[in-house]
Amino acid sequence: MSDETWRTGRCWLCDAPDIPIAWLGPVHSATFGAAPLHACAPCVDRLEQRICDHHARADQAA
Ligand SMILES: [Zn+2]
């Protein structure tokens, strides 16, 4: 992820305050609508691993 992607704020996933966070995309709530999801580097790494695992499973199912 490029340096411009990161800014300081609260991670939406682990709730850590005042740390570098990146915008990952919109999240949708049935009640409140869409909002921008921001997460810290460890949470981004965890999500990327989940995405990798998801695609690995999808490849196995094919
Ligand atoms: Zn986090």
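Below: a short report on this structure. Positions within a chain are numbered from 1, following the residues in the order the chain's sequence is written. Reporting of local features is limited, given that this is a predicted model, to residues whose pLDDT is at least 70; pairs of side-chain atoms are given and counted only at 80 or more, and all residues count toward the totals for whole chains, interfaces and linings. Each side-chain value is derived from all of the structure's non-hydrogen atoms; neither hydrogens nor water enter the calculation.

In this section: the pairing of strand S2 (residues 19-29). Both strand S1 (residues 6-9) and S2 contribute to a ladder of four bridges, which runs antiparallel. Its bridge partner lying in S2, glycine 9 is registered against isoleucine 19. Each pair of strands is called paired provided DSSP finds at least two bridges between the two strands. Each helix corresponds to a stretch of at least 4 residues labelled H or I by DSSP, and each strand to a stretch of at least 2 residues labelled E; elements are numbered beginning at the N terminus. Connecting the antiparallel pair S2 and strand S3 (residues 33-40) is a turn made up of three residues.

What follows concerns the coordination of the zinc ion. Tetrahedral coordination by four donors places them ideally at 109.5 degrees to one another around the metal; octahedral coordination by six donors ideally gives 90 or 180 degrees. Distances from the zinc ion to its protein donors, Cys11 (SG), Cys14 (SG), Cys40 (SG) and Cys43 (SG), fall within 2.2 to 2.4 Å. For the zinc ion, the four donor atoms in the first shell make angles of 106 to 115° at the metal, so the coordination geometry reads as tetrahedral. Donor residues binding the zinc ion come from one chain and are separated in sequence as C-x2-C-x25-C-x2-C. Only protein chains enter the accessibility calculation, which uses a 1.4 Å probe; a residue whose area is less than 20% of its type maximum is buried, one above 50% is exposed, and one in between is partly exposed. Of the residues examined, cysteine 40 reaches a relative accessible area of 5% and is grouped as buried. With relative accessibility at 2%, the residue cysteine 43 sits in the buried group. For Na, K and Ca the donor cut-off is 3.2 Å, while for other metals it is 2.8 Å, and in both cases only N, O and S atoms qualify; water is not among them, so sites may look incomplete. Irregular is the default label, applied whenever a site is not tetrahedral (four donors, all angles between 85 and 135 degrees) and neither square planar nor octahedral (four or six donors, opposite donors over 155 degrees apart, all other angles between 65 and 115).

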